[in-house]
Amino acid sequence: MVASSVASPLCTWLVAACMSVSSEKDQFWKPASNFQSSKLMGRSGRRRKAITKCNSGSLMNGSVMNSSWHTCFGFEPCEEYYKSEGLSASFSSLFAENAFSVFGFKQVPLNRRQRRMSSAAHSGKPVAVAVQPAMEATAKKKPLMRNRRVVVTGVGVVSPIGHDPDMFYNNLLEGISGISQIEAFDCSEFPSRIAGEIKEFSTNGWVAPKLSKRADKFMLYMLTAGKKALADGGITEDLLQELDKARCGVLIGSALGGMKVFYDGIEALQVSYKKLNPFCVPFSTSNMGAAMLAIDLGWMGPSYSISTACATSNFCILSAANHIIRGETDMMLCGGSDSAIIPIGLGGFTACGVLSQRNSDPTRASRPWDMDRDGFVIGEGSGVLLLEELEHAKKRKAKIYAEFLGGSFTSDAYHMIEPHPEGSGVVLCIEKALAQSGVKREDVNYINAHAASTPAGDLNEYQAILHCFGKNPELKINSTKSMTGHLLGAAGAVEAIATVKAIHTGWIHPNINLENPDNGLDMNVLVGSKKERLDIKVALSNSFGFGGHNSSILFAPYKNV
């Protein structure tokens with residue numbers, strides 16, 4: 001009874017709150033420029049005078065109201081709201097006979113229905129609530145702006161097999177492994193002593209020297225890859241200044257963030273808190289890489305990170321594309337970065353029992369779908385893609401690698417680190433990605449699989465893929481991790497770059513170390529030990545992470561239609 005008695009005032013309060021929110025298209029609230037917020041909160045008369053300065057359109061204007069609702073809540077008012085007298089009915093239940101008087105408007109006479117609603121609101125009787133769920137609300141929800149197409153116009157990579165996109169992909173095509181003995185620290189006591197470790201890396205020309213000395217590697221990799229993606233996309237210094245920076249954003253995540261900075265802070269704390277680096281906290285957070293890149297570029301659009309373990313990059317890429325599709329931005333840098341080849345990182349994954357211990361033969365340790373695989377190989381690096389709205393890219397005559405078609409996320413809802421034994425979450429994710437992007441399953445003929453070289457994960461993903469695409473005779477599947485190792489939160493972005501490079505070049509890279517295929521695997525579907533020519537129609541890239549996170553994203557050759 002109490003809930004029903006406050007429902008109507010709560011609804012009207014929400015409506016009133018929405019009235020103060022402006023949208024880009026319809027702004028009915030425009031305070032005079034010479035009024036400061038402190039003055040508006042001063043004398044009531046002056047405040048009323050400022051508030052009543054509205055656009056010439058009525059507050060009851062439909063487009064204004066719909067825009068306000070969408071801005072506040074992401075959905076439209078329910079049918080009951082439209083059947084009522086709109087705002088006047090809602091406000092009357094809150095302000096009785098002095099509807100709108102709080103905003104300085106003239107009094108509005110109440111009809112019988114409005115008086116009944118007002119009486120019910122104050123008597124405790126149940127009334128219809130505007131924000132009450134209704135089937136019609138779903139039907140009225142505005143669709144995404146599908147006419148805004150998203151393309152990839154630049155890529156930047158820092159990886160164990162190269163820091164230049166062309167070098168990186170050429171090494172993949174040649175089957176060159178980046179797995180080696182760990183040199184960064186003494187790991188002789190660890191059962192796993194190999195990694196996709198970056199041996200040589202320089203930030204010269206990409207990151208300020210002072211920042212290079214202070215920041216964690218994951219951030220330095222991200223900043224460098226991000227700047228390289230801009231350069232690859234033809235964004236020169238002059239063009240950078242011409243961009244509408246309010247419509248450019250950065251969405252690059254990390255699974256583990258600044259582990260080394262945080263680890264060093266713990267060691268310093270053993271001596272004294274006075275020994276702590278003042279950058280310990282900000283440089284260890286996973287969002288700070290994206291934030292620093294946005295600060296460096298002056299980009300004022302969305303700037304944040306997503307952390308979903310080893311599915312991080314795909315979550316960031318799809319979310320960044322959605323910002324463009326919705327018309328919020330024209331350009332987004334997106335992807336992932338991680339650097340966890342330190343004692344706590346290696347030790348932690350070893351304790352989980354997920355790492356390969358093929359220490360005597362590092363280049364053959366990462367072997368997706370091979371019967372002799374014994375776990376994945378940890379790696380490090382960063383991948384960043386420059387996504388751009390098609391017309392924006394065409395206007396500046398940008399090079400287009402591929403078109404981003406869409407994707408999806410799901411959860412296994414099963415186990416912290418083990419995949420669902422039936423692969424149901426993966427199947428659901430792929431099916432939703434196809435539906436969301438409007439792609440026919442027979443058009444997908446290339447899949448860059450997550451395939452990390454784990455006993456259960458590789459087979460589950462393979463079976464899920466065959467369940468969805470098994471009838472396609474042109475289907476080809478490979479795993480970039482066979483050569484790079486598992487780059488954790490950066491894996492999806494680096495593999496997305498491999499995917500768009502495959503589309504761009506017409507060549508797909510081999511699966512190295514697939515010498516003894518697991519039972520039931522079709523070698524006509526899995527790429528062999530040599531690169532293969534493939535006319536890609538639609539490519540799908542999978543990434544999964546601890547916690548049961550599943551992600552699938554789709555790319556295709558750009559067609560000017």
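Quantities reported herein were computed from a predicted structural model and do not represent experimental measurements.

*Asks:* Is there a simple way to think about a nonpolar patch on the surface in this case?
*Replies:* Together, Leu-269, Tyr-273 and Leu-276 give the surface a local cluster of nonpolar side chains, amounting to about 310 Å² of exposed area. Within the secondary structure layout, Leu-276 lies in the loop between helix H13 (259–269) and helix H14 (288–297). Accessibility expressed as a relative area gives 30% for Leu-276, which makes it partly exposed.

*Asks:* What should I look at first to understand the side chain of Arg-396 in this one?
*Replies:* You can see Arg-396 is positioned in the loop between helix H17 (390–395) and strand E8 (402–411). Residue Arg-396 is classed as buried on the basis of its relative accessible area, which comes to 19%. Of the polar contacts made by the side chain of Arg-396, one reaches the backbone oxygen of Gly-233; its length is 2.8 Å.

*Asks:* Would you explain helix H11 (residues 217–232) in this entry?
*Replies:* Compared with an ideal rise of 1.5 Å per residue, which puts 16 residues at 22 Å, H11 spans 22 Å between its outermost C-alpha atoms and is within 8% of the ideal. Burial analysis of H11 places 13 of its 16 residues in the buried class, which makes it a mostly covered element. Where H11 ends, the next residue or the one after it, Gly-234, has phi of about 80°, a positive value.

*Asks:* Looking at this model, I keep getting lost on the pattern of salt bridges. Mind explaining?
*Replies:* Side-chain pairing between opposite charges can occur once the charged atoms of the two side chains come close. Within this structure, the stated rule accounts for 23 salt bridges. For Lys-199, the salt bridge is made with Glu-183, and the minimal N-O distance between the two is 3.8 Å. In this pair, Lys-199 is assigned in the loop between strand E3 (194–195) and helix H10 (209–214) and Glu-183 in the loop between strand E2 (180–181) and E3, connecting sequence segments 16 residues apart. On the basis of relative accessibility, which here comes to 62%, the residue Glu-183 falls in the exposed class. Measuring nitrogen to oxygen at the nearest pair gives 3.4 Å for the salt bridge that ties Asp-458 to Arg-373. Highlighted residues: Asp-458 in helix H19 (residues 455–469) and Arg-373 in the loop between helix H16 (343–352) and strand E7 (381–389), separated in sequence by 85 residues. Here Asp-458 matches Arg-373 in class, with each residue buried. In this structure, a network of salt bridges that share partners links the residues Asp-361, Arg-364, Arg-367, Asp-370 and Glu-515.

*Asks:* So what exactly am I meant to see when it comes to the pairing of strand E14 (residues 549–556) here?
*Replies:* The two faces of a sheet get side chains in turn, since along a regular strand they alternate between them. Summarising burial for E14: seven of the eight residues are buried, a large majority. With eight bridges connecting them, E8 and E14 associate as antiparallel partners. Looking at E14, one finds that Ser-411 is bridged to His-549. In terms of strand pairing, strand E13 (residues 538–545) meets E14 through seven bridges, oriented antiparallel. Across the sheet, Ala-539 pairs through a bridge with Phe-555, a residue of E14. Joining the antiparallel neighbours E13 and E14 is a turn of three residues, in which Gly-547 adopts a positive phi near 100°.

What counts and what doesn't
- Residues numbered from 1 in each chain as written.
- Predicted model: local features only at pLDDT ≥ 70, side-chain atom pairs only at ≥ 80, totals over all residues.
- Heavy atoms only, no water.
- Patch = residues over 30% accessible without salt bridge, like charges linked within 9 Å, V, L, I, M, F, W, Y side chains within 5 Å.
- Areas by Shrake-Rupley, 256 points an atom, 1.4 Å probe, with all protein chains shown as cover.
- Salt bridge = Lys/Arg side-chain N within 4 Å of Asp/Glu carboxyl O.
- Helix = DSSP H or I, 4+ residues; strand = E, 2+ residues; numbered from the N terminus.
- Buried < 20%, exposed > 50% of the residue type's maximum accessible area, 1.4 Å probe, protein only.
- Polar contact = N/O pair within 3.5 Å; in protein donor to acceptor, adjacent residues only side chain to side chain.
- Expected span 1.5 Å × (residues − 1).
- Pairing = 2+ DSSP bridges.

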